[in-house]
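Listed below, chain by chain, are the residues.
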Amino acid sequence: MAIEGEKHSPLEQFEIKELIPINIGGTDISFTNSALMMVVTVALICLLMLVGTRRRAMIPGRWQVVAEMCYQFVANLIRDTVGNEGRKYFPFIFTLFMFILFGNMLGMLPYSFTFTSHIAVTFAMAMVVFTGVTLLGLAKHGIHFFSLFVPPGVPIWMWPLMIPIEIISYLSRPISLAMRLFANMLAGHTLLKVFAGFVPLLGAAGILPLAFVGALTALELLIAFLQAYVFTILTCLYINDALHLH
Amino acid sequence: MPQLEQIHTFVGQIFWLVITFGFLYLILWKAALPRVSSILLERQERIDEDIRRAGEFKQEAEKAVAAYEKLVADARSNAQALIREANEIQAHNAASQQEALTEKIKSDLEIAEKRIQNARAEAINNIQSVSVEVAQAAASRLIGIEIAPEEAKAAVTLAIQAKN
């Protein structure tokens with residue numbers, strides 16, 4: 001996929017551009033457009049959650065309602081999937097949900113950048129979830145945690161087959177978690193760009209791809225929310241698995 | 001695909017992810033979420049408190065209604081007792097008045113009867129004396145005899161008694 005040098009490629013939007021070059025001990029940690037969008041995301045979430053609720057109104061204003069809705073949405077999600085023990089992990093799961101949601105949504109703005117469309121970022125988040133959940137399960141159940149790999153109700157002679165399958169499926173969790181978010185963001189944004197590219201090429205008939213891009217944008221907004229939701233709910237389910245083992 | 005080509009940016013991406021995500025986590029964990037949670041809790045407490053007070057007020061209102069109804073019922077039974085008493089007094093008064101009136105009428109009647117009897121006796125006496133004189137005068141005119149008053153009187157008395 002050597003598309004460098006090619007102008008207006010649909011994948012050009014995913015290119016990481018250095019804004020402030022930083023290099024510490026030979027490691028490149030430059031402030032890039034990706035980092036800028038992360039900072040903007042964090043700033044917007046802080047704005048909503050802190051400034052929106054600064055009046056602590058008994059009858060909330062618009063922004064406070066939005067902040068409370070986000071809070072209750074995630075709180076209900078955790079209660080439904082993990083139960084009351086999940087309350088401890090609420091700050092992390094809330095941060096995860098808001099970070100991905102705002103990252104996805106900001107990526108929908110023209111000329112912006114979607115940091116969740118990069119496998120490095122999604123895989124890093126998935127690995128944090130995976131490692132955290134595994135450590136949580138080990139800390140809570142000790143060696144008994146490995147009974148997670150033995151499906152209940154399976155006869156013993158099936159174990160040599162089932163246990164490797166379960167272990168592979170467990171180990172593939174972070175990969176599927178990371179790939180799902182990354183691929184959805186990548187595919188959606190690429191598709192938008194491809195169809196948008198048809199608009200000037202087709203002249204007057206360009207109205208058709210334009211209408212399609214409009215519809216696709218609405219779909220992408222839904223997917224942006226949905227993928228944040230899926231990432232969060234899967235994290236909750238993994239925590240539930242680690243806490244309750246099946 | 002830049003995601004897989006710009007491998008030299010991976011460390012930088014993860015570095016900034018950790019920085020921003022960690023910062024956001026701290027802010028939300030320490031400041032924002034406790035605030036939202038306290039707002040929601042306060043509101044829930046307020047709602048519960050209001051519902052509880054509304055229940056109290058309702059009970060009070062029910063008590064007041066019960067008291068009012070008792071008051072009305074008491075007043076009604078009081079009024080009925082008063083009416084009954086008044087009726088009884090009235091009936092009693094009427095009966096005694098009627099009795100007194102009957103007595104008075106009876107006595108009046110007796111007095112009147114006595115007076116009538118007296119009048120009649122007097123009238124009879126008067127008639128006697130007048131009759132004696134009439135008889136004397138009639139006898140002297142008609143047959144030219146002077147009758148002694150005693151004789152005339154006896155004759156008249158006899159005649160009256162015969163008439164009676």
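Refer to the structure above for everything that follows.
Report follows, based on the coordinates. Only a predicted model underlies this, so the values are computations on that prediction, with no experimental measurement involved. In this numbering scheme, every chain counts its residues from 1 along its sequence in written order. Chains and ligands are labelled by the order in which they are written, letters from A for the one and numbers from 1 for the other. With pLDDT at 70 or above as the cut-off, local features in this predicted model cover only qualifying residues; side-chain atom pairs require 80 or more to be listed or tallied, and sums for whole chains, interfaces and linings still use all residues. Derived side-chain values reflect all non-hydrogen atoms in the structure, with water molecules and hydrogen atoms excluded from consideration.

**Let's talk about the overall build of chain A**
Basically, it comes down to this: To qualify as a helix, a DSSP run of H or I must reach at least 4 residues; to qualify as a strand, a run of E must reach at least 2; elements of each kind are numbered from the N terminus. Whether a residue is buried, partly exposed or exposed follows from its accessible area with a 1.4 Å probe, protein chains only, as a fraction of its type maximum: under 20%, in between, or over 50%, in that order. Any two residues whose heavy atoms approach within 4.5 Å are treated as being in contact. Reported accessibility uses the Shrake-Rupley method at a 1.4 Å probe radius. Residues are deemed covered only where the shown protein chains occlude them. The charge count treats Lys and Arg as positive and Asp and Glu as negative. His and the chain ends do not count. Every charge is mapped onto a representative atom, which is NZ of Lys, CZ of Arg, CG of Asp or CD of Glu.
A count of helical and extended segments in chain A gives seven helices and four strands. C-alpha extents for chain A along the principal axes are approximately 65 × 55 × 50 Å. Counting over 246 residues, chain A shows a buried share of 46%. Summarising the internal contacts of chain A: among those between residues at least 6 apart in sequence, 69% fall at separations of at least 24. Of the accessible surface of chain A, which amounts to about 12700 Å², a share of 72% is contributed by carbon and sulfur atoms. Averaged over its 13 positive side-chain charges, chain A has a centre that lies 14 Å from the centre of its 12 negative ones.

**Considerations on the overall build of chain B**
Note the threshold: Computation of the radius of gyration draws on C-alpha atoms, with the globule rule given as 2.2 Å multiplied by the number of residues to the power 0.38.
When helices and strands are counted, chain B shows three helices and zero strands. Mapped in sequence order, the helices and strands of chain B form the string α-α-α. Relative to the globule expectation of 15 Å for 164 residues, the C-alpha radius of gyration of chain B, 63 Å, shows a markedly less compact shape. Each of the three principal axes of chain B carries a C-alpha extent, and together these read 195 × 30 × 20 Å. The buried share among the 164 residues of chain B stands at 15%. For chain B, the exposed area adds up to about 12900 Å²; of that, 61% sits on carbon and sulfur atoms. Here chain B carries 19 positive and 23 negative side-chain charges, and the mean point of each set is 3 Å from the other.

**Here we look at helix α4 (residues 119-141) of chain A**
Heads up, the rule is: In a helix, the anticipated span is given by 1.5 Å times the number of residues less one.
The end-to-end C-alpha distance of α4(A) is 32 Å, a good match for the 33 Å that 23 residues give at a rise of 1.5 Å each. Once α4(A) finishes, A:Gly142 follows within two positions and takes phi at roughly 65 degrees, a positive value.

**Some details on the interface of chain A and chain B**
The cut-off we apply is this: Buried area: the sum, over both parts, of the accessible surface (1.4 Å probe) that disappears when the two are put together. One side-chain nitrogen of Lys or Arg within 4 Å of one carboxyl oxygen of Asp or Glu is enough to make a salt bridge. As used in this structure description, the phrase polar contact means that two N or O atoms lie within 3.5 Å; if the pair is within protein, one of them must be able to donate a hydrogen and the other to accept it, and residues adjacent in sequence are counted only when both atoms belong to side chains. Three classes are used: nonpolar for Ala, Val, Leu, Ile, Met, Phe, Trp, Tyr, Cys and Pro, charged for Asp, Glu, Lys and Arg, and polar for all others, with Gly counted as polar.
Taken together, the contact pairs 49 residues of chain A with 36 residues of chain B. Roughly 3900 Å² of surface becomes buried between chain A and chain B when both sides are summed, with 75% attributable to carbon and sulfur atoms. Run the count over chain A and chain B and you get one salt bridge. Salt-bridge contacts for A:Glu68 lead to B:Arg43; the nearest nitrogen and oxygen are separated by 2.8 Å. If you look at where chain A meets chain B, you find 12 residue pairs in polar contact (both at pLDDT 80 or more). The set of elements that each furnish at least two residues to the side of chain A that touches chain B consists of β3 (27-28), α1 (33-51), α2 (62-81), α3 (90-107), α4 and α6 (173-201) of chain A. By residue number, the principal contributor to the side of chain A that touches chain B is α1(A), which donates nine residues. Split into classes, the residues belonging to the side of chain A that touches chain B amount to 34 nonpolar, nine polar and six charged.

**Things to note about the nonpolar core**
Here is the rule we go by: Buried residues of nine kinds, namely Ala, Val, Leu, Ile, Met, Phe, Trp, Tyr and Cys, make up a nonpolar core once their side-chain atoms join them within 4.5 Å.
Counting 66 residues, the largest nonpolar core has A:Met49, A:Phe94, A:Met98, A:Phe99, A:Met125 and A:Phe231 as the members making the most contacts within it. Mapped by element, the contributors of at least two residues to this core are α1, α2, α3, α4, α6 and α7 (207-244) of chain A together with α2 (10-143) of chain B. Among the elements that make up this core, the one with the highest residue count is α3(A) (11 residues). When near neighbours in sequence (up to four residues on either side) are disregarded, A:Met49 contacts A:Ala67, A:Phe94, A:Met98, B:Leu28, B:Ala32, B:Leu33 and B:Val36.

**Here we look at the environment of A:Ala224**
All names here are of chain A. The residue Ala-224 is located in helix α7 in this model. Between the C-alpha atom of Ala-224 and that of Ala-120, which follows or precedes it by 104 residues, the distance is 18 Å. Not counting the four nearest positions on each side in its chain, Ala-224 is found in contact with Leu-101, Asn-104, Met-105 and Met-185.

**Quick word on unusual backbone geometry**
Residues and elements named next belong to chain A. Residue Arg-56 is not a glycine yet carries a positive backbone phi of 50 degrees. With respect to the secondary-structure elements, Arg-56 resides in the loop between α1 and α2. Of note in this structure, Tyr-111 is not a glycine but carries a positive phi near 70 degrees. Structurally, the position occupied by Tyr-111 is in the loop between α3 and α4. Looking at Tyr-111, the relative accessible area reads 87%, which means it is exposed.

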